[in-house]
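So you can see what is in the structure, the chains are spelled out below.
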Amino acid sequence: MSDSSGSSALRAMLQQLQSRFTWDLQKEDMELENLSTRLQEHIDLQLGRQGASALSYSFLAYVRYLQDQPKEALSLLLQSEQKTRECYGEDSEKRLIVTYGDLAWLKYHTGDFTESQTYCQRAQDILIKYPTSSSTVLHPEVYGEKAWTYLKFSRSYYPKAIKYFQKALEVQKDDSEWNAGYAIALFRIEMNTLGLSEEPKVSAAITQLRRALEISPYDGVLLSMLAVRLGSYKKYEEAENLVEKALKVDPNNPHVLRYIAKYLRNQGENNRSIDLLERALKMSSTSAFVYHQLALCYKKKKFAEQSSKPYNKQMVQQLRRQCILNLEKAVEIKPSFVIARGDLALMYGEEKDFDRAEEMFQCCFTNESSEQSLRQVIHHRYAEFHFYHTRKQAEAIAHYEKKLKQIADGRLSEDKNDSLAYSLLAQVAKAEGDKKTAAEFYEKALDCDEDNSEYLSALMELRMELH
């Protein structure tokens, strides 16, 4: 067999492996420098539950491969293998299926086909030793690692993370790791859409966090996440108890501190929140999330001072400066942090630095990777910038309308019979002077909600104006 045909045969075998190299992870979906920093921090601080360190080594190895550092990637994968064996002992083999798949691919890409074949065979030997019910069913350990990978690498992959945690739970419904991962993924999805749509009557994240805590009652991260979500539903007494418990069981975990700080800020306890965030920064000095949270605390303190009569202008200026400094740090650490950029642009607007504000907003608009929900927020921020600071009301109205259109389109993509979405489109069309289209949208809204007197009244008014 020739070298080229041997290489092709090996590649065909590799394509069958479960590996980060076969999971359609796109480099453009990730912010590699920020991801690299966070993963190194996880390793240094030994954050997470049993086996988390081994996973962090594997994640960082793939990042190094994408950064064209194959030697470093190899070293990290070998450390991941060692950590996995130390952590799981005799039960480590199924936890190494993906690691060996990654090693096989890495060796293939560096031209070491013999070693690639060896690692490929190791992965296959484990699969033969521990067969699943069919060739299309994976081991829960593989489903779980796939889910953690998607959860860690990009927020755009969160739906995939949920899918694979669910698959792992179908096989091992009481596993503490899969239940925790599923809860964290649901929490992040809900937090990402907070303020962009109505709160669901029943939070899937709260339900799953409770389930995960039944199995792991002393997990500080889960406790603090549940406190944050309960706060959104005004269940303050239970949330306060969870906050105290989380601080007691895991007082030095920066992730616990930052979630509790978020809860406290939402309750108006800005100084206490700042204290916890400053503590978190001592352990996690490169967290854009923490710097953004600090900025939001100073922003709330600024609003509180401005609401007093008379207010201290110098104090307001100092608090605004603190807000700006923390936002600039967040954006420096994570350039793709669109929400922080939007907040920073508004602060520049307050300082009448319109050129820098405009530049920051344009940077947000040209970020093609921004999700629809993030674009809604930025259009709203930009509208506020023009309405309150530049006084360009036409610009403000245009961007308020864009946000409403995006909200309506998003709702209709989930439910074609969403009457509120059609009424929003009707209001935008009317504001744009297109009364005929506005009437058509109100008709569609009434088709979905025929007894809505508000829609009927608006439609009748438009019909009278059209005739």
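Located above this text is the structure these notes cover.
As the structure is a prediction and not an experimental result, all values here were calculated from the model.

Reading the values: the criteria
Residues numbered from 1 in each chain as written. Predicted model: local features only at pLDDT ≥ 70, side-chain atom pairs only at ≥ 80, totals over all residues. Heavy atoms only, no water. Helix = DSSP H or I, 4+ residues; strand = E, 2+ residues; numbered from the N terminus. Buried < 20%, exposed > 50% of the residue type's maximum accessible area, 1.4 Å probe, protein only. Contact = heavy atoms within 4.5 Å. Areas by Shrake-Rupley, 256 points an atom, 1.4 Å probe, with all protein chains shown as cover. Phe/Tyr/Trp six-rings, centres within 6.5 Å; stacked < 30°, edge-to-face > 60°. Lys NZ or Arg CZ within 6 Å of the ring centre and 35° of its normal. Lys, Arg positive; Asp, Glu negative; His and termini not counted. Salt bridge = Lys/Arg side-chain N within 4 Å of Asp/Glu carboxyl O. Expected span 1.5 Å × (residues − 1). 1 Å grid on protein atoms, 1.4 Å probe; cavity = no way out; pocket = protein on both sides within 12 Å on 5 of 7 lines; lining within 4 Å. Points joined across faces, edges and corners; volume = space filled by probe spheres on them. Nonpolar A, V, L, I, M, F, W, Y, C, P; charged D, E, K, R; others polar. Axes fitted to C-alpha atoms, helices over the stretch in contact; angles between N-to-C directions. Parallel < 35°, antiparallel > 145°, perpendicular 65-115°, else oblique. Left-handed = near helix turned anticlockwise from the far one by under 90°.

Caption draft 1: Focus on the overall build of the protein. Secondary structure summary: the protein contains 23 helices and 0 strands in total. Here the C-alpha coordinates of the protein stretch approximately 80 × 55 × 45 Å along the principal axes. Relative to its 467 residues, the protein shows a buried fraction of 50%. Residue pairs at least 24 apart in sequence account for 59% of intrachain contacts in the protein once pairs closer than 6 positions are excluded. For the protein, the exposed area adds up to about 23200 Å²; of that, 48% sits on carbon and sulfur atoms.

Caption draft 2: Focus on unusual backbone geometry. For the peptide bond that leads from Lys 309 to Pro 310, omega is -10°, which places it in the cis range. Residues other than glycine seldom take positive phi values, yet Asp 68 does so here, at roughly 60°. Among the structural elements, Asp 68 can be located in the loop between helix H3 (52–66) and helix H4 (70–88). Unusually for a residue other than glycine, Lys 234 sits at a positive phi of about 60°. With respect to the helices and strands, Lys 234 occurs in the loop between helix H11 (220–232) and helix H12 (236–249).

Caption draft 3: Spotlight on the packing of aromatic side chains. With the rule as written, the count across this model stands at 15 aromatic pairs. With a centroid separation of 6.2 Å and 25° between ring planes, the pair formed by Tyr 143 and Tyr 164 is classed as stacked. Here Tyr 143, found in helix H7 (residues 140–153), pairs with Tyr 164, found in helix H8 (residues 158–171); they are 21 residues apart in sequence, far enough to count as distant. For the pair Tyr 143 and Tyr 164, one class covers both residues: buried. Members of the aromatic cluster, connected to one another through ring pairs, are Phe 21, Phe 59, Tyr 62, Tyr 65, Trp 105, Tyr 108, Phe 113 and Phe 153. The residue whose ring lies beneath Arg 258 is Tyr 259, and the NZ or CZ to ring-centre distance is 5.4 Å.

Caption draft 4: The arrangement of the side chain of Asp 175 in detail. Of note, Asp 175 is situated in the loop between H8 and helix H9 (176–192). Of the buried charged residues, Asp 175 lacks a salt bridge, with Arg 95 as the closest side chain of opposite charge at 5.1 Å. Setting aside anything within four residues of it in sequence, one finds Asp 175 in contact with Leu 169 and Ile 215.

Caption draft 5: Broad picture of the pattern of salt bridges. Scanning all chains against the criterion turns up 19 salt bridges. Here Glu 81 ties to Arg 85 by a salt bridge, and the two come within 3.6 Å at their closest N and O atoms. Of the two residues, Glu 81 and Arg 85 are both situated in helix H4; the distance of 4 residues between them amounts to about one turn of the helix. For Glu 81, a relative accessible area of 11% translates into the label buried.

Caption draft 6: Quick peek at the environment of Pro 254. Along the chain, Pro 254 falls in helix H13 (residues 254–266). Spatially, the C-alpha atom of Pro 254 lies 8.2 Å from that of Leu 277, the residues being 23 residues apart in sequence. Contact partners of Pro 254, with chain neighbours within four places excluded, come to Leu 45, Leu 47, Ala 280, Met 283 and Ser 284.

Caption draft 7: Fine view of H7. Here H7 is 14 residues long and its end C-alpha atoms lie 20 Å apart, about the 20 Å a rise of 1.5 Å per residue gives. Most of H7 sits out of view: 14 of its 14 residues are buried.

Caption draft 8: Local environment of empty space enclosed by the protein. Following the criterion strictly, the structure yields 2 cavities of 30 Å³ or more and no others. If you add up the space inside the largest cavity, you get close to 130 Å³. Contributing to the lining of the largest cavity are 16 residues, with Gly 51, Leu 55, Thr 84, Arg 95 and Glu 145 lying nearest its centre. At the level of elements, H3, H4, H7 and H9 are the ones that each hand at least two residues to the lining of the largest cavity. Counted by class, the lining of the largest cavity contains 5 nonpolar, 6 polar and 5 charged residues. By volume, the second largest cavity is sized at about 30 Å³. Lining of the second largest cavity is provided by Phe 21, Ser 58, Ala 61, Tyr 62, Tyr 65, Ala 73, Leu 77, Asp 102 and Leu 106.

Caption draft 9: Region of interest: the side chain of Thr 99. Here Thr 99 is to be found in helix H5 (residues 97–109). The exposure class of Thr 99 is buried, given its relative accessible area of 1%. Beyond its immediate sequence surroundings of up to four residues, Thr 99 is in contact with Ser 58, Leu 77, Ser 80 and Glu 81.

Caption draft 10: Highlighting the packing of H12 against H13. Across the interface, H12 lies against H13 with an axial gap of 11 Å and an inter-helix angle of 155°. Judged on the interaxial angle alone, H13 and H12 are roughly antiparallel. At the point where H12 passes H13, the crossing takes the left-handed sense. Contacts between H12 and H13 pair Tyr 236, Ala 239, Glu 240, Val 243, Ala 246 and Leu 247 from the former with Val 256, Leu 257, Ile 260 and Tyr 263 from the latter. Looking at the contact of H12 with H13 residue by residue, the class counts come to 9 nonpolar, no polar and 1 charged.

Caption draft 11: Examining the environment of Val 256 more closely. Within the secondary structure layout, Val 256 lies in helix H13. Overall, Val 256 belongs to the buried group, its relative accessible area being 0%. Considering only alpha carbons, one finds Val 256 and Ala 280, 24 residues apart in sequence, at a separation of 8.8 Å. The residues contacting Val 256, other than those within four sequence positions of it, are Gly 220, Val 221, Ser 224, Ala 246 and Asp 250.

Just distances and angles here, no functional claims.
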